[in-house]
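In case you want the letters, here they are:
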Amino acid sequence: MTLLILGLALFLGIHTLTTMKSARAAVIGRLGEGGYKGLYSLVAAAGLVLIVIGFGRYRSGGYIQVWNPPVALFHPIALFLLWFAFVALTSAYAPAGRIKSLLRHPMLVAIKAWALSHLLVNGDLGSMLLFGGLLAWAVYDRISVKRRGDPGAASAGWSFNDLLVVLIGTVAYIAMFWLHDSLIGVTAA
């Protein structure tokens, strides 16, 4: 559990640094733009590796169950949120479209939907730390982005890009059911 917590602290900490203008500017002033980006990448990668190793060790040591999610109530909601997360994630990388402009910051929306979907169906301590930590960070970051005055994606009308976003997001969502067990070690749904 210690590695998981340390990984989350590093990964979310370095991502939070981008929201702190003066602290970020001080680091860039000291290391230069390239040094900052290198340090950022190194700390984020180290954090991610520690999260993966830490969560893997936690799972192999046995889950610490905190609550038992009601399957009949939360699974349909969680599955919809997960599909929505894939569509939002796809729109983050797509050219401008109505979905992207409605979500404004589709990557953060995707992280929030993905984390919440996992919190609804996993009542163990490790999952609550992992997914709860990522959800809390995404909420904080969205508030920070709004305070900085970042309007997000430009307003756009419906386009063919939106159809592609839904199609690609849906295909990725379906593929997740086949790949989740081999990549993550847990059967999806």
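Note that the structure is a prediction, hence the values are computed from the model and not measured.

A. Molecular detail of the pattern of salt bridges. Under the criterion given, the structure shown has 1 salt bridge. Two residues, Lys37 and Glu33, come together in a salt bridge whose shortest N-O distance is 4.0 Å. Of this pair, Lys37 and Glu33 both sit in helix H2 (residues 21-60), 4 residues apart, which is roughly one turn of that helix. Accessibility expressed as a relative area gives 39% for Glu33, which makes it partly exposed.

B. Broad picture of the environment of Leu79. Considering the arrangement of structural elements, one finds Leu79 in helix H3 (residues 71-93). Sequence-wise, Leu79 and Ala45 are 34 residues apart; in three dimensions their C-alpha atoms are separated by 29 Å.

C. Broad picture of the packing of aromatic side chains. Summed over all chains, the structure comprises 9 aromatic pairs. Measuring from centroid to centroid gives 5.7 Å for Tyr58 and Tyr63, while their planes differ by 85°, and the two rings are edge-to-face. The buried category is assigned to Tyr58, whose relative accessible area is 5%. Here Phe80 and Phe84 contribute two aromatic rings whose centre-to-centre distance is 6.4 Å and whose plane-to-plane angle is 15°, an arrangement assigned as stacked.

Each value, and the rule that gives it
- Residues numbered from 1 in each chain as written.
- Predicted model: local features only at pLDDT ≥ 70, side-chain atom pairs only at ≥ 80, totals over all residues.
- Heavy atoms only, no water.
- Salt bridge = Lys/Arg side-chain N within 4 Å of Asp/Glu carboxyl O.
- Helix = DSSP H or I, 4+ residues; strand = E, 2+ residues; numbered from the N terminus.
- Buried < 20%, exposed > 50% of the residue type's maximum accessible area, 1.4 Å probe, protein only.
- Phe/Tyr/Trp six-rings, centres within 6.5 Å; stacked < 30°, edge-to-face > 60°.

Coordinates in, geometry out; function isn't part of it.
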